[in-house]
Amino acid sequence: MVHLPIPRLEDYSISATTGFLPDAPPLTALQDPYYGPWEAIISNLQALLLSKKIRQEVNKLPVLSTIRLEAEAEWRRAYVILSFLSHSYIWGDTTPAETLPPAISIPYLAVSARLEVPPVATYAALCLWNFRPIFQVDVFDDLSNLATLHTFTGALDESWFYLVSIAIEARGAAILPAMLDAIENAREGNIDRVIPSLQSIAERLGELTHLLSRMYENCDPHIFYTRIRPYLAGSKNMSEAGLPRGVKYLDGSGNEPFRHYSGGSNAQSSLIQAFDILLGVEHRPTGDRKLGPQTAHTSSEYQAKSHNFILEMRKYMPGPHRRFLEHLAKVSNIRAFVEEHSSHGALTVAYDACLHMLRGFRDKHIQIVSRYIVLPAKEHRIANGTAMQKTKSTSPPSIRMALQSPPVQFQGLARTPQQQVDLRGTGGTALIPFLKQARDETGDPSIGAWARRLLTNSRNSFFSRDTETVKIQGLAGQWLDSEDVGGICHW
Ligand code: HEM
Ligand SMILES: N[C@@H](CC(=O)c1ccccc1NC=O)C(=O)O
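Bear in mind the structure is a predicted one, so any value in this text is a computation, not a measurement. (Residues numbered from 1 in each chain as written. Chains lettered and ligands numbered in written order. Predicted model: local features only at pLDDT ≥ 70, side-chain atom pairs only at ≥ 80, totals over all residues. Heavy atoms only, no water.)

Novice: It is not clear to me how the site of ligand 2 should be interpreted in this structure. Could you clarify?
Specialist: Of all residues adjacent to ligand 2, which total 13 residues, the nearest are Ser-165, Arg-229, Gly-264, Asn-266 and Thr-426. The separation between an oxygen atom of ligand 2 and a polar main-chain atom of Phe-161 is 3.4 Å. Out of a free accessible area of 410 Å², ligand 2 has 89% covered by protein chains. Within the residue set of the shell around ligand 2, elements represented by two or more residues are α6 (123–128), α7 (156–172) and α11 (221–232). Among the elements that take part in the shell around ligand 2, α11 stands out by supplying three residues, more than any other. Across the shell around ligand 2, the residue classes break down as six nonpolar, six polar and one charged. (Near = heavy atom within 4 Å. Polar contact = N/O pair within 3.5 Å; in protein donor to acceptor, adjacent residues only side chain to side chain. Areas by Shrake-Rupley, 256 points an atom, 1.4 Å probe, with all protein chains shown as cover. Helix = DSSP H or I, 4+ residues; strand = E, 2+ residues; numbered from the N terminus. Nonpolar A, V, L, I, M, F, W, Y, C, P; charged D, E, K, R; others polar.)

Structure representation (structure tokens):
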């Protein structure tokens, strides 16, 4: 059989060591003095936001051309600057701005077109291209070695919020070559070599969940909700935040329709989507649950026709990364391979461990979203007297303090709505139904529910099923369950 070649990372601007992060640290400034006016504003961003002078200063900017941008890193730097400036302009005053001036719009549209990303503060603008290593220039997966280049607020909480994702990207990078190896070995029918690749993927996924849970260390939920998050909102589904019509990007043509873009979201991380593709996890539009086995294999066709947020978010990834995922989807064979060899216990267990770990990641994420969005939103409504009834508070002290203070009216996404409305993610989703469905669609394998039970319940080294004996030997002699330690397991 003639197969489509397996993608090569280097063909898609992906590094075998840093994954979707650039392999050299992003530029900290554009060296050409021509771009001095941009650098001057971004280096004073927090002061301009605090004094509400940002619009005044941006309105004075000249319209700069992109003609003097050369290296890819310079285009990325320009995109980072213009993303911070545009969200500061829109959300940095008492009411959101419905128009972006030509000094932002014209270069922003050009830079976005070149990088194949939309003109909005995407995950790439805020995370992938917005960091610097502190001591060791080539270590990106250690949170103590990372700093952000820019934030809206200057708060450590905001830096930490982005840095956790950056560390996850770097730690997850090693999974990419393991994925491609697994696909190659499955093609060749080499079960014994697919298993260790899957085991190492499961183990790494556990480490990523552990990194995710470190969000609590330095990002306070109340600060996140009230001070940081309003700047992250896009222009799509943002009526409640005070932006019902979207945003016009003025370019002087007179023909400038309102545009609607999702704000930054980790759903734009190519890494997490790559796991789904490799493991054959399929996501449907929210509310559209799988009906039965007969629908299982028609879903790609179905997904293409209907609105699907996770697929939609691929348009917000840098062009080469998006194309990598499309290529990966065409060669992804692991799920079919495991189904074909469903009597092979060790293979099934290794595959199910991956699913289990990815599901564990999404479980932990839902817990985080409850603490950083759902609870603060509820406390906020109570503090402003718009909630139906007071509920028992389990919030951290900062939120309890906010409750005791007089009501404060916040702007944008933190604005207290007149009525109880569905909470929206910065990407524009009705967040809890969306995230729960994405979690439920993970680890709903047609095979091996038994293996998942074993992984969760058993601390033994030997499991048996029918006539097969499957050995899972803990390296340190122990088995750690994903829920106990944020997913670190030893084989
Ligand atoms: C305080 C921290 C975080 C909050 C409040 C948060 C919130 C959200 C929300 C509301 C969504 C729904 C999409 C939208 O409308 O924006 C989402 C999606 C998502 N987030 Fe986060 N997030 C946080 C951190 C992270 C981190 C560090 C990661 C890790 C890489 C992550 C991974 C994802 C993924 C993969 C999705 C897409 C849904 C899925 O695949 O399950 N999030 N997040
Ligand atoms: N969707 C999230 C925001 C979010 O996840 C995010 C936004 C911009 C950059 C990175 C993000 N995720 C990072 O940890 C929210 O609704 O607050």
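Novice: Can you help me understand the coordination of the iron atom of ligand 1 in this one?
Specialist: Each pair of donors in an ideal octahedron of six around a metal sits at 90 or 180 degrees, and each pair in an ideal tetrahedron of four sits at 109.5 degrees. Inspection of the coordination sphere of the iron atom of ligand 1 shows a single protein donor, His-365 (NE2), at 2.0 Å. In this fold, His-365 is placed in helix α17 (residues 345–383). (Donors = N, O, S within 2.8 Å, 3.2 Å for Na, K, Ca; no water.)

Novice: What's the story with the site of ligand 1 in this structure? I'm lost.
Specialist: Near ligand 1 lie 28 residues; those nearest to it are Asn-266, Arg-362, His-365, Gly-427 and Thr-429. At a separation of 2.9 Å, an oxygen atom of ligand 1 approaches a polar backbone atom of Gly-427. Contributing elements (two or more residues each) for the shell around ligand 1: α7, α14 (309–312), α17 and α19 (431–440). Here the residues of the shell around ligand 1 sort into 18 nonpolar, nine polar and one charged.

Novice: Can you help me understand the packing of aromatic side chains in this one?
Specialist: Aromatic ring pairs are reported here in terms of the distance separating the ring centres and the angle at which the planes meet. The full count for this structure, using the stated rule, is 15 aromatic pairs. Ring geometry for Phe-20 versus Phe-324: centroids 6.1 Å apart, planes at 65°, classification edge-to-face. Here the residue Phe-20 occupies a position in the segment before α1 (36–43), and Phe-324 occupies one in helix α15 (residues 319–331), the gap between them amounting to 304 residues. One exposure class covers both Phe-20 and Phe-324, and it is buried. Aromatic pair Tyr-216 and Tyr-372: ring centres 5.8 Å apart, planes at 35°, arrangement tilted. Remark: Tyr-372 occurs in helix α17 and Tyr-216 occurs in helix α10 (residues 215–218); sequence separation between them is 156 residues. Ring pairing ties together the aromatic residues Phe-161, Tyr-162, Tyr-216, Phe-224 and Tyr-372, which thus form one cluster. The ring of Tyr-249 carries Arg-259 above its face, with NZ or CZ at 5.2 Å from the centroid. (Phe/Tyr/Trp six-rings, centres within 6.5 Å; stacked < 30°, edge-to-face > 60°. Buried < 20%, exposed > 50% of the residue type's maximum accessible area, 1.4 Å probe, protein only. Lys NZ or Arg CZ within 6 Å of the ring centre and 35° of its normal.)

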